[in-house]
Amino acid sequence: MSADAPTPPTALDLAAAVRDGRTTAERAVRDALDRIDALNPRLNAFVQVFAERAIDDARALDARLRAGGRAGPLAGVPVAVKDNLCLAHGRTTCASRMLEAYESPFTATAVQRLIDAGAIVVGKTNLDEFAMGSSCEFSVFGPTRNPWDESRVPGGSSGGSAAAVAAGMVPLALGSDTGGSIRQPAGFCGVVGMKPTYGRISRWGLVAFASSLDQVGPFARTVGDCALALSIMAGRDPLDATCCDRPAEDFAARLDEPVRPLRIAIPRQARGGGVEGGGGNHAAVGAALEAAAAALAERGAEVVEVDLPHAEHAVAAYYIVAAAEASANLARFDGVRYGRRAALREGDSLEDLYRRSRTEGFGEEVRRRILLGTHVLSSGYQDRYYLTALRARRRIKEDFDRAFEAGASAVLMPTSPAPPFRLGEKTDDPLALYLEDVYTVGVNLAGLPAIALPAGTAMLDGRALPVGVQLIAPAFGEARLLRIAHELEAALAFNARHAPDEPRP
Amino acid sequence: MADAPRLTPEQVRKVARLARLDLPDDQVARAAERLDAVLGYVERLAALDLDGVEPLTHVGGEVNRLDDDVPAATLPPEAVARLAPESFGPFIRVPKVIGDGGNA
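Residues numbered from 1 in each chain as written. Chains lettered and ligands numbered in written order. Predicted model: local features only at pLDDT ≥ 70, side-chain atom pairs only at ≥ 80, totals over all residues. Heavy atoms only, no water.

Asker: Sorry, what's going on with the overall build of chain A here?
Answerer: Of regular secondary structure, chain A possesses 16 helices and 11 strands. Whereas a compact globule of 505 residues would reach a radius of gyration of roughly 23 Å, chain A reaches 21 Å, a difference of no more than 12%. In terms of overall dimensions, chain A has C-alpha extents of about 65 × 55 × 50 Å along its principal axes. The proportion of buried residues among the 505 residues of chain A is 67%. At a minimum sequence separation of 6, the contacts of chain A that also span at least 24 residues come to 77%. Surface summary for chain A: the accessible area is close to 16,300 Å², and the carbon and sulfur share equals 49%. Between the mean site of the 56 positive side-chain charges and the mean site of the 62 negative ones, chain A shows a separation of 2 Å. (Helix = DSSP H or I, 4+ residues; strand = E, 2+ residues; numbered from the N terminus. Rg over C-alpha atoms; globule rule 2.2 N^0.38 Å. Buried < 20%, exposed > 50% of the residue type's maximum accessible area, 1.4 Å probe, protein only. Contact = heavy atoms within 4.5 Å. Areas by Shrake-Rupley, 256 points an atom, 1.4 Å probe, with all protein chains shown as cover. Lys, Arg positive; Asp, Glu negative; His and termini not counted. Charge placed at Lys NZ, Arg CZ, Asp CG, Glu CD.)

Asker: What is the right way to read the packing of aromatic side chains from this model?
Answerer: To describe a pair of aromatic rings, you give the distance between the ring centres and the angle between the ring planes. Residue and element names in this part refer to chain A. For the structure on display, the rule yields 11 aromatic pairs over all chains. An angle of 70 degrees between the planes, with centres 6.1 Å apart, marks the rings of Y102 and Y338 as edge-to-face. Taken as a pair, Y102 in the loop between β2 (78–82) and α4 (109–116) and Y338 in the loop between α10 (314–329) and α11 (350–361) lie far apart in primary sequence, 236 residues in all. Note on accessibility: Y102 and Y338 belong to one class, buried. Residues Y319 and Y434 carry aromatic rings whose centres are separated by 3.8 Å and whose planes lie at 10 degrees to one another, so their mutual orientation is stacked. With Y319 in helix α10 and Y434 in helix α14 (residues 430–435), this pair connects stretches of sequence that are 115 residues apart. A single burial state applies to Y319 and to Y434, both of which are buried. Through successive ring pairs, a cluster of aromatic residues spans Y102, F130, F333, Y338 and F362. (Phe/Tyr/Trp six-rings, centres within 6.5 Å; stacked < 30°, edge-to-face > 60°.)

Asker: Is there a simple way to explain the sheet that holds strand β3 (residues 120–125) of chain A in this structure?
Answerer: Backbone hydrogen bonds are what pair the strands of a sheet, in a parallel or an antiparallel way. Residues and elements named next belong to chain A. One open sheet holds the 11 strands; their spatial order is β1-β3-β2-β4-β6-β5-β10-β11-β9-β7-β8, and the pairing between them is mixed. Looking at strand neighbours, the two that pair on one side only are β1 (46–49) and β8 (302–306), the edges of this open sheet. The mean angle between the axes of side-by-side strands here comes to 30 degrees, regardless of whether they run parallel or antiparallel. Strand direction decides the pairing type here: strand β5 (residues 192–195) and strand β6 (residues 216–220), joined by 2 bridges, are antiparallel. Bridge assignment links G193 to a residue of β6, and that residue is F219. In this fold helix α13 (residues 382–405) packs onto β8, β9 (410–414) and β11 (463–472), with an angle of close to 125 degrees to the strand it touches most, β9. (Pairing = 2+ DSSP bridges. Axes fitted to C-alpha atoms, helices over the stretch in contact; angles between N-to-C directions.)

Asker: Please clarify how the interface of chain B and chain A should be interpreted in this entry.
Answerer: Interface size is commonly expressed as the accessible surface area that is lost when the partners come together. Contacts between chain B and chain A engage 52 residues on the former and 73 residues on the latter. Together chain B and chain A conceal approximately 5,500 Å² of surface at their shared face, both sides included; 65% is due to carbon and sulfur atoms. Ranking the residues of chain B by area buried against chain A places R20(B), L56(B) and R65(B) at the top, with a combined share of 12%. Counting across the chain B and chain A interface gives 9 salt bridges. Close ionic contact of R44(B) with E312(A) constitutes a salt bridge, the shortest N to O distance being 3.2 Å. At the boundary of chain B and chain A, one finds 18 residue pairs in polar contact (both at pLDDT 80 or more). (Buried area = accessible area lost by both parts, 1.4 Å probe. Salt bridge = Lys/Arg side-chain N within 4 Å of Asp/Glu carboxyl O. Polar contact = N/O pair within 3.5 Å; in protein donor to acceptor, adjacent residues only side chain to side chain.)

Asker: I tried to follow the pairing of β3(A) on my own but got confused; where do I start?
Answerer: Two faces make up the sheet, and in a regular strand the side chains alternate between them. Residues and elements named next belong to chain A. A large share of β3 lies buried, amounting to 6 of its 6 residues. Note: β1 against β3, 3 bridges, orientation antiparallel. Residue pairing for β3: Q48 is matched across the bridge by K124. Bridging between β2 and β3 involves 5 bridges; their strand directions are parallel.

Asker: Can you walk me through the pattern of salt bridges in this structure?
Answerer: For side chains bearing opposite charge, pairing can occur when the charged atoms are close. Residue and element names in this part refer to chain A. Evaluated as defined, the whole model comprises 46 salt bridges over all chains. Among the salt bridges present, the one from E365 reaches R368, with a minimum N-O distance of 2.6 Å. One end of the pair, E365, and the other, R368, are both in helix α12 (residues 364–377), 3 residues apart, so they sit about a helical turn from each other. The class of E365 is buried, set by a relative accessible area of 5%.

Asker: Looking at this model, I keep getting lost on the packing of α12(A) against α13(A). Mind explaining?
Answerer: When two helices pack together, their arrangement is given by the angle between the helix axes and by the axis-to-axis distance. Residue and element names in this part refer to chain A. For the pair α12 and α13, the least separation of the axes is 7 Å and the interaxial angle reads 105 degrees. By the criterion of interaxial angle, the relationship of α12 to α13 is roughly perpendicular. Along the contact surface, α12 presents H375, V376 and L377, while α13 presents Q382, Y385 and Y386. (Parallel < 35°, antiparallel > 145°, perpendicular 65-115°, else oblique.)

Asker: Before we go on, may I ask you to explain the packing of helix α1 (residues 9–18) of chain B against helix α2 (residues 25–42) of chain B in this structure?
Answerer: Residue and element names in this part refer to chain B. Relative orientation of the contacting elements α1 and α2 amounts to 100 degrees, with a least axis distance of 9 Å. Relative to α2, the element α1 is oriented roughly perpendicular. Contacts between α1 and α2 involve P9, V12 and R13 on the former and, on the latter, D25, V28, A31 and A32. Here the residues of the contact of α1 with α2 sort into 5 nonpolar, no polar and 2 charged. (Nonpolar A, V, L, I, M, F, W, Y, C, P; charged D, E, K, R; others polar.)

Asker: For this particular structure, what's the right way to read a nonpolar patch on the surface?
Answerer: Together, V94(B), V97(B) and I98(B) give the surface a local cluster of nonpolar side chains, amounting to about 270 Å² of exposed area. Secondary-structure assignment places V97(B) in the segment after β2 (91–92). (Patch = residues over 30% accessible without salt bridge, like charges linked within 9 Å, V, L, I, M, F, W, Y side chains within 5 Å.)

Asker: Got a minute to help me understand the environment of V81(A) in this structure?
Answerer: Residue and element names in this part refer to chain A. One can find V81 in strand β2. A C-alpha to C-alpha distance of 18 Å links V81 and D34, two positions 47 residues apart in sequence. In this structure V81 touches V111, V121, G123, K124, T125, S161 and L174, once residues within four positions along its chain are discounted.

Asker: Quick question: what am I supposed to make of unusual backbone geometry here?
Answerer: Across the chain, the bulk of peptide bonds are trans and the bulk of non-glycine residues have phi less than zero. Cis geometry is found at the peptide bond from G156(A) to S157(A), where omega equals 10 degrees. Considering the arrangement of structural elements, one finds S157(A) in the loop between β3 and α5 (159–166). With an omega of -5 degrees, the peptide bond running from R260(A) to P261(A) counts as cis. When you line up the elements, P261(A) lands in the loop between α7 (223–233) and β7 (263–267). The phi torsion at C94(A) lies on the positive side, around 55 degrees, for a residue other than glycine. Taking relative accessible area as the criterion, C94(A) reaches 0% and is therefore assigned buried. One non-glycine residue, R20(B), lies in positive phi territory at about 55 degrees. Tracing the chain through its elements places R20(B) in the loop between α1 and α2.

Written as structure tokens, this is what we have:
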């Protein structure tokens with residue numbers, strides 16, 4: 001296939017075709033498996049592929065449809081699931097030695113709702129271990145590569161899901177976003193990625209990283225597919241007490257209706273690179289941001305500048321809060337109840353077992369964050385670090401509140417200050433990698449919904465790489481957010497593209 | 001802005017102990033350096049005037065919700081024990097914790 005090969009169908013189109021009998025679920029699944037076979041050896045987006053089972057499931061669905069059964073809104077659509085979401089078959093590894101052999105006894109609610117809507121899970125995708133990373137390089141399975149340029153990272157932590165959609169392997173994939181882990185890889189891979197409001201989608205079956213920040217969300221090539229997936233996954237789950245109790249909404253129903261009046265706010269800080277002492281935005285990032293603003297302005301939006309005075313403190317507050325919560329959440333991996341257990345020596349105590357199992361099971365970046373989190377929560381440091389970060393967190397949230405109270409329909413920002421970097425370029429400098437998250441972490445600290453979509457390209461070493469922007473809305477404002485994103489998508493005409501197929505070593 | 005005090009090797013060892021992670025002597029300096037880099041960066045928060053600001057622990061406006069007390073199926077004990085690296089029947093095997101079993 002060449003770069004001009006026909007674009008694979010969207011989830012919406014594919015489900016409609018299956019429903020109308022123009023294709024079958026088996027055909028759709030086989031097409032996905034063929035592309036995975038062809039491209040995955042180079043990209044390493046999938047860490048497990050359930051070929052036989054997916055074909056069996058597809059055939060069973062086709063048989064039910066032939067017998068007059070009702071076709072769900074995702075009938076026959078192959079989907080990929082980030083490997084920190086539990087599935088009752090295969091393994092749930094979190095890309096960690098700790099869980100290399102772990103088989104979950106249940107399926108995450110978000111995944112189950114897609115399956116109940118007719119989706120077929122074809123495999124699990126790569127991530128930074130326990131979702132801690134921004135490059136998809138910290139994985140026991142090795143790095144995922146960016147389909148647009150295989151010498152570069154796909155972003156992270158949900159890099160496998162972003163690459164799978166960008167390469168046209170599947171039209172829809174799930175990720176999780178704790179500090180940008182959906183939006184940044186969506187930006188790096190040129191796809192649409194959505195982080196819903198904190199509490200919008202059940203997290204039952206999502207392996208916890210930072211519980212006050214984590215949220216499940218979709219990757220797709222169009223805003224419409226994200227809206228469809230959100231409609232299916234959102235809503236109360238008795239198994240997750242943090243999941244909101246709101247009536248179901250069809251987020252896809254009014255997508256074509258523009259939001260008017262439309263006021264788009266660009267943070268002053270987002271034009272300057274986001275953080276004091278940072279390197280500023282790459283020129284292509286600034287150009288994509290202004291192109292997105294101009295496209296909406298041309299359609300009648302009012303574009304204003306806002307001040308988010310605490311935005312430059314978001315990375316500092318985030319890395320304290322996230323590490324603190326991670327150190328508590330990951331305490332459960334003790335070599336006793338599940339996961340890896342170190343070989344015992346004669347006379348070893350239970351504590352020896354804990355320590356050796358954890359040291360063997362966790363990779364370096366995860367251990368680093370556990371140490372950081374343990375330190376900021378330890379006696380004598382809690383006020384200096386943890387409580388200070390939580391106070392800053394309130395200020396960061398209030399900045400966004402003020403922008404919306406002043407009439408902003410959405411805030412527009414880059415997804416990251418620079419285009420995809422090279423594999424290995426930042427693995428040795430954790431702080432440099434953390435600073436990549438300057439535009440994404442504030443949204444998690446404030447609990448807001450945001451959607452990333454491609455808005456331009458950067459030419460790097462003679463290759464075009466995607467550049468993303470994100471739109472941010474008030475809590476539970478997904479319906480309007482998706483309508484704005486849909487209008488921007490149409491205005492930029494960048495949608496539904498996928499990465500070129502030819503090998504790009 | 002005040003610089004973060006650098007962590008001493010003893011402090012780093014203590015944090016590792018609290019986190020139940022082994023930290024061999026030849027890794028202490030590197031771990032300290034990495035932690036210092038991040039802690040030095042987050043010191044920037046000290047520049048903010050946060051007096052009287054209530055820590056934001058939870059962004060959701062939702063309040064506690066009580067579910068009805070309805071019995072429902074749970075995983076059978078054997079299925080849970082099977083997740084453990086070493087189990088027999090519905091039990092999980094661990095090193096001895098009473099008597100001479102160590103200080104855990």
